[in-house]
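Letter by letter, the chains look like this.
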Amino acid sequence: MILRSALLWLSEHQGTFDFVRGNALARRMASRFVAGETLDSAIDAVRRLEANKTKASLDLLGESVSEREEAVRARDEVIDTLDRIAETGVDANVSVKLTQMGLDLDYEWCASNVHELMTHARQLGIFVRIDMESSQHTERTLRLFHERLHPEFGDTTGVVIQSYLRRSAKDVEELISAQARVRLCKGAYAEPPEVAFQRREEVSKSYVGLLERLLANGNYPAIATHDDPLIEQTLQFVKAHDIPPERFEFQMLYGVRRDLQEKLRRDGFNVRVYVPFGTHWYPYLMRRLAERPANVAFMVMSLLKEGLSRP
Ligand code: FDA
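Here the residue numbering is sequential within each chain, running from 1 through the sequence in written order. Local features in this predicted model are restricted to residues whose pLDDT is 70 or higher, and side-chain atom pairs enter the listing and the counts only when it is 80 or higher, whereas totals over whole chains, interfaces and linings include all residues. Where side-chain values are given, they derive from all heavy atoms of the structure, hydrogens and water being excluded.

Visitor: Residues and numbers for the packing of helix H8 (residues 168–177) against helix H9 (residues 200–217), please.
Guide: Two packed helices can be described by the angle between their axes and the distance between those axes. Angles shown run from 0 to 180 degrees and are taken between the N-to-C directions of axes, each axis being a line fitted to C-alpha atoms and, for helices, limited to the stretch in contact. Strands here mean DSSP runs of E at least two residues long; helices mean DSSP runs of H or I at least four residues long; both are numbered from the N terminus. For the pair H8 and H9, interaxial distance at closest approach is 10 Å and the crossing angle is 5 degrees. By the criterion of interaxial angle, the relationship of H8 to H9 is roughly parallel. Across from Ser168, Ala169, Val172, Glu173 and Ile176 in H8, the residues of H9 making contact are Leu210, Arg213, Leu214 and Asn217. Three classes are used: nonpolar for Ala, Val, Leu, Ile, Met, Phe, Trp, Tyr, Cys and Pro, charged for Asp, Glu, Lys and Arg, and polar for all others, with Gly counted as polar. Tallied by class, residues from the contact of H8 with H9 come to five nonpolar, two polar and two charged. To sort the angles, those under 35 degrees are grouped as roughly parallel, those over 145 as roughly antiparallel, those from 65 to 115 as roughly perpendicular, and the leftovers as oblique. By definition, residues are in contact when any of their heavy atoms lie within 4.5 Å.

Here it is as structure tokens:
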């Protein structure tokens, strides 16, 4: 728990990034979870998944931008990504973070950036998922989604709900009423007990409640987890309620539980893999390490050794 908190704290301190980025082991660790630093490498990864009948969601890494130019650059790169998906015909959609589009700078300005991106995506017929970030952004993300995105772009867009948040049951009901598309995940940020369940069992219990509501009444929900018991619960629920595989999809992260991805696909379920790419991989890598502290000791030792041997 302490290690998880420390890693999540570090994930928000970009200052450590230059140091980490130069470290060969950190880069190797990142390459397990990140398809590469370029769009070409991401498209190659999508093609490899496609050869296995697995779909993808491309994520241009980047978040919490502090300058408008950065947000404009990210928006344009996402538009390039949409164009490449259309040109190559690969089976992929995209995921974006609102703080990458300037949410922390100016709500209205961010909304217009996302509107431009969404308009382009709709012309190409490509779905765009709005990722969910820390709880400081939940309200604004859902507001922008409910007021601006979903009414205009309908099924071309969807949002994410985190089962660790205490508010999520209410948010899911609102999204079901709107028949909006939802990806359900546990949540990857450090959150205080006032807003989020802290114990694993509570987060899982909340996840099960939400997945049942979404599978029964939602619009093509995405069950995003690598957790065997939760996947088993999903399989039991859809079997008991005669919900066919085309009504939902499983989603997993690039480089995580490839065995499970393969098994579900072989069993006839839709599987989509979230494929991050780009140079801003540091916070993403730290969140993945926080989920699996087993890898961390090795990496920290190597970083320390390298740091100590510097003049
Ligand atoms: P859990 O962490 O309990 O892992 C279950 C098992 O999966 C582990 O025992 C291990 O075997 C394997 N595993 C999980 N993570 C691993 C890792 N990093 N390395 C190696 N093995 C690992 N979060 C968020 O806050 N906002 C978002 O928008 C998204 N979007 C998103 C999209 C998709 C497609 C996925 C799969 C996940 C997200 N997440 C997310 C992340 C999510 O909230 C959560 O942090 C991770 O999925 C890990 O939780 P699990 O449900 O897999 O369970």
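Visitor: I'd like a rundown of the packing of aromatic side chains, residues and numbers included.
Guide: Each pair of aromatic rings taken from Phe, Tyr and Trp, with Trp reduced to its six-membered ring, is defined by centres within 6.5 Å and is described as stacked if the planes are under 30 degrees apart, edge-to-face if over 60, and tilted in the remaining cases. Following the criterion strictly, the structure yields four aromatic pairs and no others. Pairing phenylalanine 248 with phenylalanine 250 gives two aromatic rings, centres 5.6 Å apart and planes at 80 degrees, and the pair type is edge-to-face. The two residues phenylalanine 248 and phenylalanine 250 agree in class, both being buried. Ring geometry for phenylalanine 250 versus phenylalanine 269: centroids 5.8 Å apart, planes at 80 degrees, classification edge-to-face. You can see phenylalanine 250 sitting in strand E7 (residues 249–253) and its partner phenylalanine 269 sitting in the loop between helix H11 (258–266) and strand E8 (271–277), a full 19 residues away along the chain. For the pair shown, phenylalanine 250 and phenylalanine 269 are each scored as buried. What links up through ring pairs into an aromatic cluster is the set Phe248, Phe250 and Phe269. The ring of tryptophan 109 has arginine 68 sitting right over it, with the charged end atom 4.7 Å from the ring centre. Throughout, exposure labels follow a simple rule: accessible area from a 1.4 Å probe, protein chains only, divided by the maximum for the residue type, with under 20% read as buried, over 50% as exposed, and the rest as partly exposed. Two limits define a charge over a ring: the Lys NZ or Arg CZ must be within 6 Å of the ring centre, and within 35 degrees of the ring normal.

Visitor: Help me get a handle on the layout of surface pockets, residues and values and all.
Guide: One number sums up the size of the largest pocket: a volume of about 1400 Å³. A 1.4 Å probe that fits into a set of points on a 1 Å grid over the protein atoms alone but cannot get out defines a cavity; an open set with protein on both sides within 12 Å along at least five of seven lines defines a pocket, and lining residues are those with an atom within 4 Å of a point. Lys186, Gly187, Ala188, Arg288 and Glu291 are, among the 46 residues lining the largest pocket, the residues nearest its centre. When residues of the lining of the largest pocket are traced back to their parent elements, those giving at least two are helix H1 (2–11), helix H3 (24–33), strand E4 (157–162), strand E5 (181–185), H9, E7 and helix H12 (282–291). The element best represented in the lining of the largest pocket is H12, accounting for five residues. Across the lining of the largest pocket, the residue classes break down as 22 nonpolar, eight polar and 16 charged. Grid points are joined across faces, edges and corners, and a volume is the space filled by probe spheres set on the points.

Visitor: Give me the lowdown on H11, citing residues and values where you can.
Guide: Among all positions in H11, only Leu260, Gln261, Leu264 and Arg265 are buried. On an axial view of H11, the arc spanned by its buried residues comes to 130 degrees, and they lie on one face. For H11, the exposed residues set more than 90 degrees away from the buried face come down to Arg258 and Arg266. Its buried side turned inward, H11 meets helix H10 (228–240), E7 and E8. Directions drawn from the helix axis to the C-beta atoms are what define this arc.

Visitor: Any chance you could break down the site of the ligand for me, citing the residues and the numbers?
Guide: The ligand sits among 26 residues. The nearest are Lys186, Gly187, Thr225, His226 and Glu291. A distance of 2.7 Å separates an oxygen atom of the ligand from a polar atom in the side chain of lysine 186. A distance of 2.6 Å is found between an oxygen atom of the ligand and a side-chain nitrogen or oxygen belonging to glutamate 291. Taken atom by atom, the bulk of the ligand overlaps the largest pocket. When contributions to the shell around the ligand are tallied by element, the ones reaching two or more residues are H3, E4, E5, E7 and H12. Nearness is defined per residue: one heavy atom within 4 Å of the molecule or strand is enough. Polar contact is the term for a pair of N or O atoms within 3.5 Å; when the atoms are in protein, one must be able to donate a hydrogen and the other to accept it, and sequence-neighboring residues count only if both atoms are side-chain atoms. Should more than half of a molecule's atoms lie within 2 Å of a pocket's or cavity's grid points, that molecule is taken to sit in it.

Visitor: So what's going on with the side chain of threonine 225? Which residues, and what values?
Guide: Position of threonine 225 among the secondary structure elements: in the loop between strand E6 (222–224) and H10. Given the relative accessible area of 5%, threonine 225 is considered buried. A polar side-chain atom of threonine 225 sits 3.0 Å from the main-chain amide nitrogen of aspartate 227. Apart from residues no more than four positions distant in its own chain, threonine 225 is found in contact with Lys186, Tyr207, Leu230, Ile231, Gln251 and Met252.

Visitor: Kindly report on the state of the cysteines, identifying the contributing residues and their values.
Guide: Any pair of cysteine sulfurs within 2.5 Å is marked as a disulfide. In the structure shown here, the tally under the stated rule is zero disulfides. No disulfide involves cysteine 110; its sulfur sits 19 Å from the nearest other cysteine sulfur, which is in cysteine 185.

Visitor: Help me get a handle on the pattern of salt bridges, residues and values and all.
Guide: Any carboxyl oxygen of Asp or Glu that lies within 4 Å of a side-chain nitrogen of Lys or Arg is treated as forming a salt bridge with it. Following the criterion strictly, the structure yields 25 salt bridges and no others. Between arginine 257 and aspartate 228 there is a salt bridge, and its shortest N-O distance comes to 3.1 Å. Taken together, the positions of arginine 257 in the loop between E7 and H11 and aspartate 228 in helix H10 put the pair 29 residues apart, joining distant regions of the chain. With relative accessibility at 27%, the residue arginine 257 sits in the partly exposed group. Taking relative accessible area as the criterion, aspartate 228 reaches 40% and is therefore assigned partly exposed. When salt bridges that share partners are traced, they join Arg75, Asp76 and Glu116 into one network.

Visitor: I'd like a description of helix H7 (residues 135–153), backed by residues and values.
Guide: Two axes enter the definition of the bend at a residue: one is fitted to the seven residues ending there, the other to the seven starting there, and the bend is the angle between them. Within H7, the axis deviates most sharply at phenylalanine 145, by approximately 40 degrees. Those residues of H7 that fall on the buried side of the exposure criterion are His137, Thr138, Thr141, Leu142, Leu144, Phe145, Leu149, His150 and Phe153. Those residues of H7 hidden inside the fold are in contact with helix H6 (107–124), strand E3 (128–130), E4 and H8. Remark: glycine 154 follows H7 within two positions and exhibits a positive phi of approximately 50 degrees.

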